[in-house]
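# Overview (structure and organization)
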Amino acid sequence: MVARKAYDLCTEEVEPDPILLAMVQERRPGYLWALAVLHELCCEIRPMWEELGSPRVEVPGIPPDVREAIVRQYAPGERDTDPRWLIEAALLALSENRDELEEQRLHLAIRALAAAGLEPGEPLSAGDAYRQGEGTFHIITTNAGMISVSTLGPFFRLRNDNARGRTALRDAGFRHIGAELGATEFTGLHVYFFGRRDPLPVNDLLFYWQD
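Quick summary incoming for the structure in this document. (Residues numbered from 1 in each chain as written. Predicted model: local features only at pLDDT ≥ 70, side-chain atom pairs only at ≥ 80, totals over all residues. Heavy atoms only, no water.)

## Focus: the pattern of salt bridges
Inspection of the entire model under this criterion finds 10 salt bridges. Linking E68 and R72 is a salt bridge whose minimum nitrogen-to-oxygen distance equals 3.1 Å. Separated by 4 residues within a single helix, E68 and R72 lie in helix α5 (residues 64-74), roughly one turn from each other. Using a relative accessible area of 35% as the deciding quantity, one classes E68 as partly exposed. You can call R72 partly exposed: its relative accessible area is 32%. (Salt bridge = Lys/Arg side-chain N within 4 Å of Asp/Glu carboxyl O. Helix = DSSP H or I, 4+ residues; strand = E, 2+ residues; numbered from the N terminus. Buried < 20%, exposed > 50% of the residue type's maximum accessible area, 1.4 Å probe, protein only.)

Below is the structure:
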């Protein structure tokens, strides 16, 4: 908590303090936080990060595209978040227009489900589906059950064992978030969720809703 507060205060500065660079170079306590601050102050941190051995939080079983989508959405996270997540977010390439990509993916999902004979209905955002709040997914009702499509990337989950829906969306380039992957906790990335500020599983992050 103290380190995060110090990070927040340091990022309000205009110029990087030489002490920050020395902390990273000499690996003094707090050097990862210092590296995150240097990025916020418009310093090129990738060479320093690579010199440190490219430290990342290891979360086994998370595909790279899922990891990137979650980091883009939730870093810097809440106050207890591991600084390595802040650094990883800082090093991501600039993304394309998210709203445009989201709309394209949703149209693609509808077309794929319709082509499979599943008679998809009009997609409902998480907020509309629950009649309050907002989230990171749309719900599509089909004649074989409900399907959730994430707004964070080409990811979907099924309400029941909808084999035709799963095949149709996989063939269209979407990734199915099944039980095992969905239950994998995103260690060290703390996210606000109904009053709590803890790491969440992939399922709750890709298909997030908050009232």
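## Side note on the state of the cysteines
Simply put, disulfide is the name for a covalent bond between the sulfur atoms of two cysteines. Taken as a whole and assessed by the stated rule, the structure comprises 0 disulfides. No disulfide involves C42; its sulfur sits 7.5 Å from the nearest other cysteine sulfur, which is in C43. Judged by its relative accessible area of 24%, C43 is partly exposed. (Disulfide = S-S within 2.5 Å.)

## Looking at the pairing of strand β7 (residues 185-193)
Bridge analysis of β7 against strand β8 (residues 196-201) gives 5 bridges, and the strand direction is antiparallel. If you follow V191 over to β8, its bridge partner there is D198. (Pairing = 2+ DSSP bridges.)

## Some details on helix α3 (residues 31-40)
Burial analysis of α3 places 7 of its 10 residues in the buried class, which makes it a mostly covered element. Buried residues of α3: L32, W33, A34, L35, A36, V37 and L38, and no others. On its buried face, α3 sits against α1 (2-10), α2 (18-25), α4 (46-51) and α6 (83-91). In the stretch just after α3, C42 is the one whose phi turns positive, near 70°. (Contact = heavy atoms within 4.5 Å.)

## With respect to unusual backbone geometry
For the bond running from A75 to P76, omega is 15°, close enough to zero to count as cis. With respect to the secondary-structure elements, P76 resides in the loop between α5 and α6. Of note in the backbone geometry, R27 takes a positive phi value of approximately 50° without being a glycine. Locating R27 in the fold gives a position in the loop between α2 and α3. Since its relative accessible area comes to 45%, R27 is described here as partly exposed. Of note, F194 is a non-glycine position whose phi angle comes to about 50°, a positive value. Looking at where F194 falls in the secondary structure, it is placed in the loop between β7 and β8. F194 gets classed as partly exposed once you look at its relative accessible area, which sits at 40%.

## Some points on the sheet that holds strand β3 (residues 137-142)
In space, the 5 strands of this open sheet follow the order β1-β3-β4-β5-β6, with mixed pairing throughout. A strand with exactly one partner marks an edge of an open sheet, and here the two such strands are β1 (124-125) and β6 (175-176). Here 6 bridges tie β3 to strand β4 (residues 145-150), and the two strands are oriented antiparallel to one another. Residue I140 lies in a different strand from β4, and its bridge partner there is I147.

## Points about the nonpolar core
Grouped together as the largest cluster of nonpolar side chains are 27 residues, with contacts concentrated most on V66, I70, Y74, I177, F186, V202 and L206. Elements represented by at least two residues in this core include exactly α5, β3, β7 and α11 (202-206). Among the elements that make up this core, the one with the highest residue count is α5 (5 residues). Among all residues touching L206, those that are not within four sequence positions of it are V66, I70, T136, F137, S150, L152, F155 and I177. Counting 19 residues, the second-largest nonpolar core is a separate cluster that includes W33, A34, A36 and W49. (Core = buried A, V, L, I, M, F, W, Y, C linked by side-chain atoms within 4.5 Å.)

Taken by themselves, the reported measurements are silent on function.
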